[in-house]
Amino acid sequence: ERLDFGALVVTPFQGWRLSGRANQQTGELMSLVISDGKSQLVVTAIAAPFSSQMRPLARKQIISAANAQNATIDLASGPFGTEIRQATPLRGSDGKPTNRIFQSRIWMVDGPGWLLQGVLNGRAAMVSGIEGPAELLYECFANMVVRRDDKPRVPGSVIELRPPEGVSKTSA
């Protein structure tokens, strides 16, 4: 059974955990966080022009933000075209650098008026391809349906989600 979040329709898999990230000012549901217990996939639907792809601009913005954090970026062939592999040095609570690195893989898919972005972390971010720890999260992302409304939106703005009937924003 699929879960309808308005702009996104998601197919759950056995053993998954689902939560959401909300805008702190408005309380609107902005992203879904899907976990298999060892890896996470953070999914966001982003407004894009209907007449052109948003992916090149989004990639450039991600790389710029990563450079500002002294992250290492690699572009690699992924299941949805070029994926971004990012390794960001972590800082301790005192603000000083640690020896720890946060790794992520970023998948993007363009459609008419939207860009679907998935950020993998955990074990799935430490492997290449879609086998092993990335397999279930790949399947979940590949089977998502994006439904973009006709509202005018600023390209790059997040398309808010709506929790399915019977699910509150705090439990989504």
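Residues numbered from 1 in each chain as written. Predicted model: local features only at pLDDT ≥ 70, side-chain atom pairs only at ≥ 80, totals over all residues. Heavy atoms only, no water.

**Structural notes on the side chain of S39**
Step number 1: Of note, S39 is situated in strand 5 (residues 39-47).
Step number 2: In this structure the side chain of S39 is engaged in a polar contact, spanning 2.8 Å, whose partner is the backbone nitrogen of A124.
Step number 3: Among all residues touching S39, those that are not within four sequence positions of it are I34, N121, G122, R123, A124, P133 and L137. (Helix = DSSP H or I, 4+ residues; strand = E, 2+ residues; numbered from the N terminus. Polar contact = N/O pair within 3.5 Å; in protein donor to acceptor, adjacent residues only side chain to side chain. Contact = heavy atoms within 4.5 Å.)

**Section: the side chain of R55**
Step number 1: Tracing the backbone shows R55 in helix 1 (residues 55-68).
Step number 2: By relative accessible area, R55 is classed as buried at 15%.
Step number 3: The contacts of R55, once residues within four sequence positions are left out, are F80, G81, M108, V109, D110 and L115. (Buried < 20%, exposed > 50% of the residue type's maximum accessible area, 1.4 Å probe, protein only.)

**Section: the pattern of salt bridges**
Step number 1: For the structure shown, the criterion picks out eight salt bridges.
Step number 2: As a salt-bridge pair, E83 and R85 come within 2.7 Å of each other at their nearest N and O atoms.
Step number 3: For E83, a relative accessible area of 0% gives the class buried.
Step number 4: Across the salt bridge formed by E160 and R153, the nearest N and O atoms sit 3.4 Å from each other. (Salt bridge = Lys/Arg side-chain N within 4 Å of Asp/Glu carboxyl O.)

**Notes on the pairing of strand 5**
The side chains of a regular strand alternate, residue by residue, between the two faces of the sheet.
Step number 1: When you tally the buried positions in strand 5, you get eight out of nine residues, the bulk of the element.
Step number 2: With five bridges connecting them, strand 4 (residues 29-35) and strand 5 associate as antiparallel partners. Bridging across to strand 5, V33 finds its partner in V42.
Step number 3: Counting the residues in the hairpin turn of strand 4 and strand 5 gives three residues, including G37, whose phi is positive at 100°.
Step number 4: Bridge count between strand 5 and strand 9 (residues 114-122): nine bridges; the pairing is antiparallel. Bridging from a neighbouring strand, I46 pairs with L115 of strand 9. (Pairing = 2+ DSSP bridges.)

Functional significance is not addressed by these values, which are geometric in nature.
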